[in-house]
Amino acid sequence: MLKPNLPKISFIALLSLCINVVAIAQTTPESIKIDFSYAGYKGGAAATNLVVPTLLIIKPTGYDDTRLLQAAINKLARYPMQKNGFRGTLLLSAGNYKVDGQLHITTSGVVIKGSKGTVITATGTSRRALIEIGRSEDPVVTTSIQITDDAPTGNMRFKVADAKALKVGQSIAIKRPSTKAWIAALGMDTIKGVFADLRGLQWREGTRDLIWNRTITYVDHQSNLITIDAPITQALQAKYGGGSIARHKQTPFSNIILEGVTLVSQYGNINPKDEEHAWIGVSANNTEDVYIKSVTARHFVGSAFMVAQLGRRVTIDGCAALEPISETGGYRRRNFYVEGQQVLVKNCSSENGMADFATGLCAAGPNVFLNCTTTNSLGASGALESWSAGTLFENVTISGADLFLGYDMQRVQAAGWTAANSIVWNCKANKLIIKGHPLTPNTVVNSGQSLYQSQLTTRGISAAYTFTTPTQHAVPFTAKDIPALKATAVAHRPIALVNGRFVSNNKIIWGGEVNESWWLGHVIPSIALDAGVSITRYVPGKSGRGLTEQLPDMIRKMTTDGMTFYQGGPGLWYDRRRDEHSVTERMDGNVWAAFYEFPWARSGQGKAWDGLSKFDLTRYNPWYFNRIKDFLKLVDQNGFVYYHSLYNTHNVLEIGAHWADYPWRPANNINDTGLPEPPPLEGNNRLHLANQFYSTAYAGLKKLHEAYINHVLDELGGYQNIVFNLGYQFAGPLEFQKFFLRTVAAWEKRNHKQVRLEIGTSKDITDSILNNPEFSPMIDVVDMRYWQYKPNGSIWAPQGGQNLAFRELNAKLLGKGVDTPPATTPQMAYKQVREYRDKFPAKTFIAWHNCVGQIPALMAGAAQVYLQNPAAGQSQGRVKDSTPFDGFVNRYLSETLARMSPRDGLLKDADNNWCLATKDFSTLLIYSLEGDTINLARTLPSRLYKAVWYNAEKDQVIKANLSTASTINKPNSGQWLLYLTKY
């Protein structure tokens, strides 16, 4: 395990850390800076009895009740809002409501109440929150206004630069920035380790901002002074960036009550640690004033109750999280998990948790865990990740584990400092490990008083809210009341391979490619995209760009960016602790997210090297395949191309770390693979196992490969816009390529279907397959990036089957380590594609840019030109894989390019002038590399053409009419494309 250096701390600071651990006898409720009584529903305001009449009553049907429940919630949401801020109550009669989908509460003023014996069961294998409370869109704020004075911890009054646009009742966001100066003061810019910066071990500016969502209660416009409705939990100091406020543009979404139900996540019985079921019971985000009362949650994987960062003023009262079913590992069993602010968890119980009661990333506070207990805790409660501020643990008993607030480089992403200005008051645990940085100390107190109650009393509050739901106006809601589904026509744009081009809807598919990430990742939204995107990367409870991708948003982004191709496949390792590239076995299952999911399922048996259970290679991960299928539906609808690699050859070559956690390693599965264990590591932990892995010599291994290939085809073979490949980066020797193709052929015959196949390997193996009459007809697409001509005309073509990674072969041939082929000339790039296009006219070819751009390969007949290197394992992330030339192609050539082929004999100086044309030469595309003129060797059939000149270097377009003659004058002597269409 990597042991990063602790930040440098002075002797006085170390002494302060020690003081934080012991009880502070002189601490009294009056001396506490933060008033924690503002946590919870309505911010702990004065109690009242809320009367919310029951308007609808429903009963379970015995079938999937998702639509019934959601329709009832939606109908309730259409009732008028009453003066007390509520619309009415939906009463769930006793019985078991099966929910194969998800329930959404997205309107203010809704109460859902169960009867004695009301159970809502999440059925199916989908990972999701059973009930989601809150709007899906993030809040929009106005331009920020600077806070002009320093404000201490616990403050509720500020001076601002300009208060003229502010008024009482406005919802605002107060931001405390995480500046370089502040990060340096904490020592969180000094962490060492392999890929420390890439892995996010060192804190980056802007990644730990605290955002408090508050309401203005007073404004003095003359003095620019405002007061807010709850305290901040960390000081605002000019030397660390001060603070600012911004007004929210939307009205806060509020007043949701969920009471008196049991939530159950139905799990499979094959795997005792099954995780293919609902992960979260109730999730609240983008909402405020939520009360969850007397709810029991059973069997959920990740969190029974979760309040995300934009959840505010939430009370979870008298609830229980019982019998979680999951692996015993990181991001699991966080039964009561808070990333929001002003959250009160009271009188709750939890069992078998890894972090029963916990705060997470930048939980802004104040948050309170009050009078809570655990049974058989398997991991520490307290602060996870970084940087939560202002948490009170009062009268919390952790049975079997510790209560931890402090500096943590082992769990959850090597968080560093996890908590600030937090208090542990009258708590019990195996150990109280309470440490704080001197700037923001955490404190342990043993006292005869209750801090929370004392602070409530000081505010004059003596009782909690109560809710009454009379039923005299209730009406039944049945399946007959569910609105009919509106038939929506879904467009499908299947791809076709026409004259060597990808075509959809009579237009060519041309553009950039998303190369899926397969290592690195972050759970911090501001830097998540640094590791690119992946449709099968999973961050529990978090969705968005770089996290668990929202697939429709991803497709929209690809469309906007002109990226019409996607390359996907298995990740490198599941647990991001392995990013440091060691070969060390993990002693526990505290795995780090983001998780790169594999196609193969865990068995629930034994212990793999990442600390979770071993894999069963005969069973498959439904989440992995369902994600790809959901994406493929969108790909088919939008006319994109999806390349799917069955294997990631990086796992079996180059470095032992690539193999350490791989499911096919014998130490990590319960199957008979015949592969060596321990792995045959060479010097410097090198590993070369490809030829042994990609082999059918051992019957057990052959059977596993065959079953896996068939399963992939069973799951994905029915989609229209998918192209399968065995795996990028030289996936196995020639004999395994043949085995793969024969397995596919047998599947096609058995299922009366045909799938599209791509070959992407060395030139010698590619040639052998393409020249073999048994296999050549099966190949649709040829990836040519693994060989090319050098400027002198000699061939650069590393051989396959040498048990070396692509970049190792590059180093062997070129004397240095690079991921890509050497540069060549436009003429040689054209020659490479053209000779294969002429020999195999029925195939579609993909070329590498060869450091000469896209045009030479396109003119030779290539359907796609790679600009990014997928061998690196990270996709573009924030970088668009597109060029101005893509725009030219899609604007002018989209409907004609598929009808044009390379034509010889039209142009003189054929080495520097190339032509694509239709059969009748009514449409032509000419590329001239040099010279002032384009000289024709024969006359064109028409004397007059519409002409479009294009210079890729300057993205310059010139339109004209052209009377063709033997000589065509170019705009200048540069490289120009000339697009001609007959009048």
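Residues numbered from 1 in each chain as written. Predicted model: local features only at pLDDT ≥ 70, side-chain atom pairs only at ≥ 80, totals over all residues. Heavy atoms only, no water.

Description of the overall build of the protein
Part 1 of the reasoning: In terms of regular secondary structure, the protein is built from 15 helices and 67 strands.
Part 2 of the reasoning: For 983 residues, the compact-globule estimate of 2.2 N^0.38 gives 30 Å, and the protein sits close to it at 32 Å.
Part 3 of the reasoning: Each of the three principal axes of the protein carries a C-alpha extent, and together these read 100 × 70 × 65 Å.
Part 4 of the reasoning: Per-residue burial over the protein gives 61% buried out of 983 residues.
Part 5 of the reasoning: In the protein, 72% of the contacts between residues at least 6 apart in sequence involve partners at least 24 apart. (Helix = DSSP H or I, 4+ residues; strand = E, 2+ residues; numbered from the N terminus. Rg over C-alpha atoms; globule rule 2.2 N^0.38 Å. Buried < 20%, exposed > 50% of the residue type's maximum accessible area, 1.4 Å probe, protein only. Contact = heavy atoms within 4.5 Å.)

Details of the pattern of salt bridges
Part 1 of the reasoning: According to the stated counting rule, one finds 38 salt bridges in the structure shown.
Part 2 of the reasoning: In this structure, the salt-bridge partner of Asp-553 is Arg-556, at a minimum N-O distance of 2.2 Å. In this pair, Asp-553 and Arg-556 both sit in helix 5 (residues 551-561), three residues apart, roughly one turn of the helix.
Part 3 of the reasoning: As a salt-bridge pair, Arg-578 and Asp-661 come within 2.8 Å of each other at their nearest N and O atoms. In this pair, Arg-578 is assigned in the loop between strand 46 (563-568) and strand 47 (595-596) and Asp-661 in the loop between helix 7 (656-660) and strand 52 (686-688), connecting sequence segments 83 residues apart.
Part 4 of the reasoning: With a relative accessible area of 0%, Arg-578 lands in the buried category.
Part 5 of the reasoning: Connected through salt bridges with shared partners, the residues Lys-42, Asp-229, Glu-288, Asp-289, Arg-312 and Arg-313 form a single ionic network. (Salt bridge = Lys/Arg side-chain N within 4 Å of Asp/Glu carboxyl O.)

Considerations on the packing of helix 10 (residues 734-751) against helix 11 (residues 763-770)
Part 1 of the reasoning: The interhelical angle for the contact between helix 10 and helix 11, taken along N-to-C directions, is 40 degrees, at an axis separation of 10 Å. The angle between the axes of helix 10 and helix 11 places the two elements in the oblique class. Here helix 10 and helix 11 pass one another in a crossing that is right-handed. Residues Leu-734, Gln-737, Lys-738 and Leu-741 of helix 10 pack against Ile-765, Ser-768 and Ile-769 of helix 11. (Axes fitted to C-alpha atoms, helices over the stretch in contact; angles between N-to-C directions. Parallel < 35°, antiparallel > 145°, perpendicular 65-115°, else oblique. Left-handed = near helix turned anticlockwise from the far one by under 90°.)

With respect to the environment of Thr-584
Part 1 of the reasoning: If you trace the backbone, Thr-584 turns up in the loop between strand 46 and strand 47.
Part 2 of the reasoning: Of the residues examined, Thr-584 reaches a relative accessible area of 33% and is grouped as partly exposed.
Part 3 of the reasoning: For the pair Thr-584 and Asp-229, spaced 355 residues apart in the sequence, the C-alpha separation amounts to 51 Å.

Quick word on helix 6 (residues 622-638)
Part 1 of the reasoning: For helix 6, built from 17 residues, the straight-helix expectation of 24 Å at 1.5 Å per residue is met to within 8% by its first-to-last C-alpha distance of 24 Å.
Part 2 of the reasoning: Buried within helix 6 are the following residues: Trp-623, Tyr-624, Phe-625, Arg-627, Ile-628, Lys-629, Phe-631, Leu-632, Leu-634, Val-635 and Asp-636.
Part 3 of the reasoning: N-cap assignment for helix 6: the residue whose side-chain oxygen lies 3.0 Å from the backbone N of Trp-623 is Asn-621.
Part 4 of the reasoning: Remark: Gly-639 follows helix 6 within two positions and exhibits a positive phi of approximately 70 degrees. (Expected span 1.5 Å × (residues − 1). Polar contact = N/O pair within 3.5 Å; in protein donor to acceptor, adjacent residues only side chain to side chain.)

Topic: the nonpolar core
Soluble, globular proteins show a tendency: their nonpolar side chains are buried together.
Part 1 of the reasoning: Formed by 178 residues in total, the largest nonpolar core has its most connected members in Phe-631, Tyr-647, Trp-664 and Met-859.
Part 2 of the reasoning: With eight residues, helix 6 is the largest single contributor of residues to this core.
Part 3 of the reasoning: Residues within four places of Tyr-647 in sequence aside, it is in contact with Pro-570, Tyr-662, Trp-664, Phe-693, Tyr-694, His-705, Tyr-708, Ile-709, Leu-726, Gly-727, Tyr-728 and Phe-736.
Part 4 of the reasoning: Formed by 64 residues, the second largest nonpolar core is a distinct cluster that contains Ala-278, Ala-297, Val-424 and Val-444. (Core = buried A, V, L, I, M, F, W, Y, C linked by side-chain atoms within 4.5 Å.)

Quick look at the packing of aromatic side chains
Aromatic ring pairs: the centre-centre distance and the angle between the two ring planes describe each pair.
Part 1 of the reasoning: Across all of its chains, the model carries 55 aromatic pairs by this definition.
Part 2 of the reasoning: Here Phe-888 and Tyr-892 contribute two aromatic rings whose centre-to-centre distance is 5.1 Å and whose plane-to-plane angle is 40 degrees, an arrangement assigned as tilted. With Phe-888 and Tyr-892 both in helix 15 (residues 884-893) and four residues apart, this pair spans about one turn of that helix. With respect to burial, Phe-888 and Tyr-892 carry one shared label: buried.
Part 3 of the reasoning: Against the face of Tyr-38 rests Arg-459, its NZ or CZ located 3.7 Å from the ring centre.
Part 4 of the reasoning: A cation over a ring is seen here: Arg-665 above Trp-609, with NZ or CZ 3.9 Å from the ring centre. (Phe/Tyr/Trp six-rings, centres within 6.5 Å; stacked < 30°, edge-to-face > 60°. Lys NZ or Arg CZ within 6 Å of the ring centre and 35° of its normal.)

Some remarks on the sheet that holds strand 24 (residues 341-346)
Part 1 of the reasoning: Taken in spatial order, the twelve strands make up an open sheet running 38-36-31-27-24-21-18-15-6-3-2-40, and their pairing is parallel. Two strands lie at the open edges of the sheet, namely strand 38 (443-445) and strand 40 (475-476), each paired on one side alone.
Part 2 of the reasoning: As paired elements, strand 36 (residues 423-425) and strand 38 share three bridges and run parallel to each other. Opposite Trp-425, over in strand 38, you have Val-445 as the bridge partner.
Part 3 of the reasoning: Across the sheet, helix 4 (residues 451-458) is in contact with strand 24, strand 27 (367-370), strand 31 (391-394) and strand 36; its angle to strand 31 comes to roughly 115 degrees. (Pairing = 2+ DSSP bridges.)

Some remarks on the sheet that holds strand 41 (residues 495-498)
Part 1 of the reasoning: With respect to topology, three strands assemble into an open sheet ordered 41-42-43, the strand pairing being antiparallel. The outermost strands of the open sheet, each flanked by one partner alone, are strand 41 and strand 43 (507-508).
Part 2 of the reasoning: Sheet topology note: the strand 42 (residues 501-504)/strand 43 ladder contains two bridges and is antiparallel. Paired with Val-503 across the strands is Ile-508, a residue of strand 43.

Some points on the packing of helix 9 (residues 699-716) against helix 10
Part 1 of the reasoning: The geometry of helix 9 relative to helix 10 is characterised by a closest axis approach of 10 Å and an angle of 50 degrees between their N-to-C directions. Relative to helix 10, the element helix 9 is oriented oblique. Taken as a pair, helix 9 and helix 10 cross one another with a handedness that is right-handed. Between helix 9 and helix 10, the contacting residues are Lys-702, His-705, Glu-706, Ile-709, Asn-710, Leu-713 and Asp-714 on the first element and Phe-736, Phe-739, Phe-740, Thr-743, Val-744, Trp-747, Arg-750 and Asn-751 on the second.

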